[in-house]
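# Report on the structure
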Amino acid sequence: MELKNDLFLRACRREKTERTPIWIMRQAGRYLPEYRKIRQRYDFLTMIKTPEIASEVTIQPIEIIGVDAGIIFSDILVLPEAMGLKLYIDEGKGPRFEKHIQSEAEIDKLFIPDPTDKLKYVLDAIKLTKRNIDVPLIGFSGSPWTLFAYMVESESLKDFKNAKIFIYSKPELAHKLLEKISIAVADFLIAQIEYGADAVQIFDTWGGILGYDEFKEFSLKYIRIVVEKVKARFNGKVPIILFSKGTWQWIDEIINTGCDVISIDWTFDISEARKRSLDSVSIQGNLDPVVLLSEPDVVVREAVKILERYGEGDGHIFNLGHGILPETPVENVKILVQTVKSESQKYHKQNF
Ligand code: CP3
């Protein structure tokens, strides 16, 4: 369908908008009764691997909550699965790999998948969804480091200590694996855009567990490679959002990765992020997801505070600082979206 509302894309490009657009990380999910109803009938992997179902749940928050963009219903772990690591669901805990990468032989066995073959179900879900929505659709991938962390770590999915031991003790092997993952990530993002994604987001969810040198060497370097490849393929025209969690102390480097939008978590001041960016990138964020578990007047107060902090002008995309929590009341999410839609207009007045 043709885009009726392109506020999100204009904000990504720092163009003029009449208000601040909003979407929510993990907006398709368990806080929605309509999602839970489908989820009762199918397991998570069946949902993401069946384009009709994936598309239906992608559209749910657009219709129910009124967000300004969709994000395709999938998961960052589908890419390592396509590379050869079998995925299963540990009910109550989440997706897990049957085996983890430890040796060079295991790295050599991994494929760089052709997304139009092994990940066709994601691309078909994108194509189908684009036929039925009139807001932009976001495709995504994990960052090479975040995917590496899940591919190597077998025990501690909170601190990823085995993945960190791997980079400290076998740096050359780590680079070999990260190079392979980076090619796969870039190919996958490019394919998602070719099938209709209007923008893509890179989730560097675990960047913040690294030290400064390791962040530069094992995360940032590969994000840059991915960004460069995707930018080159589309002449820089398709916006790339980078969400790197817990890494605001390195925000200057993050701003300089070549991405169009940086998505910040709630531990940083959005006005400072904007200042540091010199308005060279757009800023997405950064409400603490826990605010949505409070009373409605707190939701309004905290949303207004972020709009005020960002201040006048364009280039702000409202979002949470991380994914929405499953126990979030839907009513609070609706209040958040309405608040951003109405209260942000005054910060864009100079445009109209
Ligand atoms: O944002 C969206 O609505 C799109 C869909 C989306 C999902 N996962 C669906 C999902 C996206 C963008 C992701 C990204 C993702 N997946 C990340 C990076 C972003 C982040 O939140 O940090 C990570 C680290 C994963 C891996 C993953 N998937 C974990 C650790 C878990 C278990 C924890 C949990 O939230 O259940 C998942 C499962 C998952 N991915 C669910 C959904 C809706 C829950 C599935 C269910 O049981 O219904």
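Residues take numbers from 1 onward in each chain, read along the sequence in its written order. With pLDDT at 70 or above as the cut-off, local features in this predicted model cover only qualifying residues; side-chain atom pairs require 80 or more to be listed or tallied, and sums for whole chains, interfaces and linings still use all residues. Excluding hydrogens and water, the side-chain values take into account all heavy atoms of the structure.

Per an unreviewed UniProt entry, the chain carries the name Uroporphyrinogen decarboxylase and comes from Candidatus Chryseopegocella kryptomonas. According to UniProt, the comment filed for the chain under the heading Pathway (unreviewed entry) is "Porphyrin-containing compound metabolism; protoporphyrin-IX biosynthesis; coproporphyrinogen-III from 5-aminolevulinate: step 4/4." UniProt positions are given in the numbering used here, feature names are shortened, and annotations may be inferred rather than shown by experiment. UniProt annotates the chain under Sequence similarities (unreviewed entry) with the comment "Belongs to the uroporphyrinogen decarboxylase family."

The pairing criterion is simple: DSSP has to find at least two bridges between the two strands. The helix and strand labels rest on DSSP assignments: H or I over at least four residues marks a helix, E over at least two residues marks a strand, and numbering proceeds from the N terminus. With respect to topology, seven strands assemble into an open sheet ordered 1-4-5-6-7-8-9, the strand pairing being parallel. Of all strands in the sheet, those bounded by a partner on one side alone are strand 1 (70-71) and strand 9 (316-320). Summarising the sheet, strand 6 (residues 240-244) and strand 7 (residues 261-263) pair through three bridges and their orientation is parallel. The residue bridging Leu242 from the neighbouring strand is Ile262, located in strand 7.

Below, the discussion takes up the site of the ligand. Proximity criterion: a residue is near a molecule or strand once any of its heavy atoms comes within 4 Å of it. In the vicinity of the ligand there are 22 residues, among which Arg26, Tyr35, Arg39, Asp75 and His322 approach most closely. Pairs of N or O atoms within 3.5 Å make up the polar contacts considered here, provided that, within protein, one atom can donate a hydrogen while the other can accept it, and that residues adjacent in sequence are counted only when both atoms are side-chain atoms. Interatomic distance of 2.6 Å between a side-chain N/O atom of Tyr35 and an oxygen atom of the ligand. Here the open area of atoms and residues is found with the Shrake-Rupley method and a 1.4 Å probe, where only the protein chains shown may cover a residue. Contact with the protein chains covers 88% of the free accessible surface of the ligand, which is 880 Å². The distinction between a cavity and a pocket rests on a 1 Å grid over the protein atoms alone: a 1.4 Å probe fits inside a cavity but cannot get out, while a pocket stays open yet meets protein on both sides within 12 Å along at least five of seven lines, and a residue with an atom within 4 Å of a point counts as lining. Assignment to a cavity or pocket requires that more than half of a molecule's atoms be within 2 Å of the site's grid points. If you map the ligand onto the pockets, it falls in the largest pocket. Listed by contribution, the elements that provide at least two residues to the shell around the ligand are helix 2 (33-41) and strand 3 (94-97).

In this section: empty space enclosed by the protein. Grid points are joined across faces, edges and corners, and a volume is the space filled by probe spheres set on the points. Within this structure, the stated rule accounts for two cavities of 30 Å³ or more. By volume, the largest cavity is sized at about 100 Å³. For the largest cavity, the full set of lining residues is Leu242, Ser244, Gly246, Thr247, Trp248, Ile251, Ile254, Ile262, Ser263, Ile264, Asp265 and Phe268. The set of elements that each furnish at least two residues to the lining of the largest cavity consists of strand 6, helix 13 (251-255) and strand 7. Classifying every residue of the lining of the largest cavity by side-chain character gives seven nonpolar, four polar and one charged. Taken as a whole, the second largest cavity holds about 30 Å³ of empty space. In terms of lining, the second largest cavity is formed by Thr20, Leu307, Tyr310, Gly311, Gly313, His316, Tyr347 and His348. Looking at the lining of the second largest cavity residue by residue, the classes come out as three nonpolar, five polar and no charged. Residues were grouped as follows: Ala, Val, Leu, Ile, Met, Phe, Trp, Tyr, Cys and Pro as nonpolar; Asp, Glu, Lys and Arg as charged; and all remaining residues, including Gly, as polar.

Next up on the list: the environment of Phe234. Along the chain, Phe234 falls in the loop between helix 12 (212-233) and strand 6. As for Phe234 and Leu77, which are separated by 157 residues in sequence, their C-alpha atoms are 25 Å apart. Pairs of residues are marked as contacts when any of their non-hydrogen atoms sit within 4.5 Å. With residues near it in sequence (within four places) discarded, Phe234 still touches Ile190, Ile193 and Glu194.

Note on terminology: a nonpolar core comprises buried Ala, Val, Leu, Ile, Met, Phe, Trp, Tyr and Cys residues joined through side-chain atoms within 4.5 Å. Buried means the residue's accessible area, taken with a 1.4 Å probe over protein chains only, is under 20% of the maximum for its type, while exposed means over 50%, and partly exposed covers the values in between. Phe8, Phe148, Met151 and Leu336 are the most contacted members of the largest nonpolar core, which totals 127 residues. Look past the residues within four positions of Phe8 in its chain and what remains in contact with it is Pro21, Trp23, Asp68, Ala69, Pro136, Ile138, Ala199, Ile241, Gln284 and Ile317.

Parsing the chain into structural domains produces domain 1 (1-23 + 286-352) and domain 2 (28-64 + 69-263). For the domain bounds, the source is a domain assignment made automatically or taken from a database. Here the C-alpha centre of domain 2 lies 24 Å away from the C-alpha centre of domain 1. With 22 residues of domain 1 at the contact, the number on the domain 2 side is 26 residues. Note on terms: buried area is the combined drop in 1.4 Å-probe accessible area of two parts once they are placed together, counting the loss on both. In total, about 2,000 Å² of surface goes out of reach between domain 1 and domain 2, with carbon and sulfur atoms giving 69% of it. By the criterion of area lost to domain 2, the three top residues of domain 1 are Met1, Phe8 and Trp23, representing 32% of everything that side buries. The term salt bridge refers to a pairing of a side-chain nitrogen on Lys or Arg with a carboxyl oxygen on Asp or Glu at a separation within 4 Å. Here domain 1 is connected to domain 2 by one salt bridge. Across the salt bridge formed by Asp134 and Lys4, the nearest N and O atoms sit 3.5 Å from each other. Here domain 1 and domain 2 share four residue pairs in polar contact (both at pLDDT 80 or more) between them. Along the lines of polarity and charge, the residues of the side of domain 1 that touches domain 2 split into 13 nonpolar, four polar and five charged.

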